[in-house]
Amino acid sequence: MTAWRRALVLLGSGLVALGLSGLVLGADARPVRVAVLLVGSAVLHDGLVAPALLAGGLLLGRVLPGRGRAATQAALVVAGSLLVVSLPVLLHGRA
Amino acid sequence: MVRRPRSDLTRRPLPAPPESLRRGPFRPGAFRSRLHDRAVTARLGLWLGVVFTVCLLTGLWSHLLQHPPSWFTAPASPTWLYRGTQGVHVLAGLAAVPLLLAKLFSVYPHLFSWPPVRDLRHAAERGSLLLLVGGSLLQLGTGVMNVFQWYAFGFFFPSVHYWSAWLVYGALLIHVGVKLPQIVEGLRTARASRDAPGLSRRGFLTATGAASTAVVVAAAGQTVRSLEPVSFLAPRRPYRGPQGLAVNRTARRAGTEVVVDYRLEVVGPTGTLLLTLEQLQAMPQRTARLPITCVEGWSADATWTGVPLRDVVSLVGAGPERVVRVESLERHGRYRTSVVGRAHARHPDTLLALRLDGQPLAPDHGWPLRLIAPNRPGVLQTKWVHRVVVL
């Protein structure tokens with residue numbers, strides 16, 4: 001490891017420690033809830049969202065084997081992103 | 001015999017799990033999409049790194065304005081500065097959502113690398129990745145929810161968002177440090193791949209970029225008025241509300257709907273003064289066009305008329321270089337009071353406003369009197385002001 005990489009890891013570790021200290025000891029700290037939500041988001045993504053995307057991709061390959069597949073996939077990437085960001089409005093409504 | 005310079009416990013191989021467990025996604029070649037590729041990952045990572053840096057810097061700026069340390073005085077000009085930085089903060093965070101999902105998609109097979117843990121150093125790196133991935137998802141997820149004022153996550157958002165930002169950015173720096181050779185190699189690898197039907201690497205990157213752009217355009221109307229017609233995502237129509245201006249905290253929620261026998265109490269070096277609304281209206285009035293800028297990213301211009309704060313505090317013997325605390329009639333709430341720093345206190349456009357667009361303030365805009373100052377977060381533009389204290 002070069003000095004640059006070492007420095008990045010060292011600085012990063014310091015910031016992680018700073019963040020953790022604030023999340024545990026700071027005012028309004030809710031460490032358990034934050035930890036559950038942090039690990040939960042990763043598990044939800046890796047266990048559900050990513051496999052669903054992969055399965056969707058495989059399915060699309062079966063349905064649309066040739067031309068038109070790339071354009072459909074690109075459109076789905078854009079539409080899916082807009083849908084994800086709209087979830088609060090769809091589930092909760094506007095402020 | 002190979003001589004090792006020193007035994008490094010963190011590099012000592014850990015026993016691998018039995019090969020019979022290497023099934024499903026752990027099998028070699030389980031993932032075949034060409035999008036799981038370093039050339040894609042490195043580029044998405046670079047874009048995401050830039051966007052996260054923008055979010056961190058604009059976020060720290062917002063934090064500094066809301067919690068100024070003793071060495072810092074928030075500047076009162078340019079008027080539009082906070083509106084710009086906070087608009088960029090929210091839009092960059094929204095733009096990061098497609099980038100993050102695409103990035104995680106491109107590296108997904110690494111989740112099932114074999115053996116899962118090679119040595120202690122590898123274990124530490126994977127642990128930091130959990131913080132990076134979970135922290136990023138949490139940061140963006142709760143951030144987007146907060147933009148829509150959906151507080152279902154059960155913690156005080158500003159505090160957790162602030163500390164998580166350090167955590168995530170630290171984990172990001174560790175990640176870059178560990179992966180630097182792979183990043184460089186990935187960026188040097190060509191994007192092109194046209195061997196099979198379906199989205200190419202270049203196409204995937206373009207689609208992700210387009211998705212980020214679409215999300216930004218769909219939300220930007222809350223900051224950029226000309227984009228309002230296409231802004232179906234903007235949580236707020238900034239120019240809809242009482243007197244054509246949006247409101248976050250209503251008088252009903254603040255418990256300030258009914259105000260009887262109003263007096264403004266002004267406390268300063270030479271004593272305490274009580275001013276009626278008529279007396280305030282009789283003082284020289286000043287009109288300024290200033291934005292309300294919410295931390296959630298929306299902002300709206302309006303024309304405010306009232307008495308400059310510095311004129312009011314001069315009545316109790318305070319010079320222009322004084323720090324002032326402004327207190328609301330609300331009994332509860334974190335933002336019941338706010339502190340006006342030196343630069344704002346001496347600025348002529350820092351008003352105790354009586355009128356909005358020429359009309360008396362609506363109760364939701366802070367009737368009878370509110371603070372409005374240039375370049376200041378909305379939560380610090382205290383409404384229903386009844387007390388001004390020179391500190």
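Novice: Any chance you could explain the nonpolar core here in plain terms?
Specialist: As a rule of thumb, soluble globular proteins bury nonpolar side chains together. One finds B:L44, B:F52, B:L94, B:Y169, B:F204 and B:L233 to be the most contacted residues of the largest nonpolar core, which totals 64 residues. Every element with two or more residues in this core is listed here: α1 (3–25), α2 (31–63) and α3 (69–92) of chain A together with α1 (38–66), α2 (81–107), α3 (120–147), α4 (157–188) and α5 (201–220) of chain B. Among the elements that line this core, the one with the most residues is α4(B), at 12 residues. For B:L44, the residues in contact, after removing those within four places along its chain, are B:L99, B:A102, B:K103, B:S106, B:F204, B:L205 and B:T208. Grouped together as the second largest cluster of nonpolar side chains are 25 residues, B:Y262, B:V312, B:A318 and B:L369 included.

Novice: What's the story with the pairing of strand β2 (residues 271–275) of chain B in this structure? I'm lost.
Specialist: Put simply, side chains in a regular strand alternate between the two faces of the sheet. Residues and elements named next belong to chain B. Here strand β1 (residues 264–268) runs beside β2; their pairing, made up of five bridges, is antiparallel. Each residue of the ladder has a partner; that of G268, found in β2, is G271. In textbook terms, the turn of a hairpin is the stretch between consecutive antiparallel strands, and for β1 and β2 this stretch comprises two residues.

Novice: Explanation requested: the interface of chain B and chain A in the structure shown.
Specialist: One frequently used descriptor of interface size is the decrease in accessible area upon assembly of the parts. On the chain A side, the residues contacting the 60 residues of chain B number 49 residues. Carbon and sulfur atoms supply 77% of the area buried between chain B and chain A, which totals about 4700 Å² over both sides. Contact with chain A buries area across many residues of chain B, yet B:Y108, B:W150 and B:W163 alone supply 13% of it, more than any other trio. Applying the counting rule to chain B against chain A returns one salt bridge. Between A:D28 and B:R334 there is a salt bridge, and its shortest N-O distance comes to 3.0 Å. The interface formed by chain B and chain A includes nine residue pairs in polar contact (both at pLDDT 80 or more). When residues of the side of chain B that touches chain A are traced back to their parent elements, those giving at least two are α2, α3, α4 and α5 of chain B. For the side of chain B that touches chain A, the leading source of residues is α4(B), giving 16 residues. Looking at the side of chain B that touches chain A, its residues break down into 46 nonpolar, 11 polar and three charged.

Scoring rules and cut-offs
- Residues numbered from 1 in each chain as written.
- Chains lettered and ligands numbered in written order.
- Predicted model: local features only at pLDDT ≥ 70, side-chain atom pairs only at ≥ 80, totals over all residues.
- Heavy atoms only, no water.
- Core = buried A, V, L, I, M, F, W, Y, C linked by side-chain atoms within 4.5 Å.
- Buried < 20%, exposed > 50% of the residue type's maximum accessible area, 1.4 Å probe, protein only.
- Helix = DSSP H or I, 4+ residues; strand = E, 2+ residues; numbered from the N terminus.
- Contact = heavy atoms within 4.5 Å.
- Pairing = 2+ DSSP bridges.
- Buried area = accessible area lost by both parts, 1.4 Å probe.
- Salt bridge = Lys/Arg side-chain N within 4 Å of Asp/Glu carboxyl O.
- Polar contact = N/O pair within 3.5 Å; in protein donor to acceptor, adjacent residues only side chain to side chain.
- Nonpolar A, V, L, I, M, F, W, Y, C, P; charged D, E, K, R; others polar.

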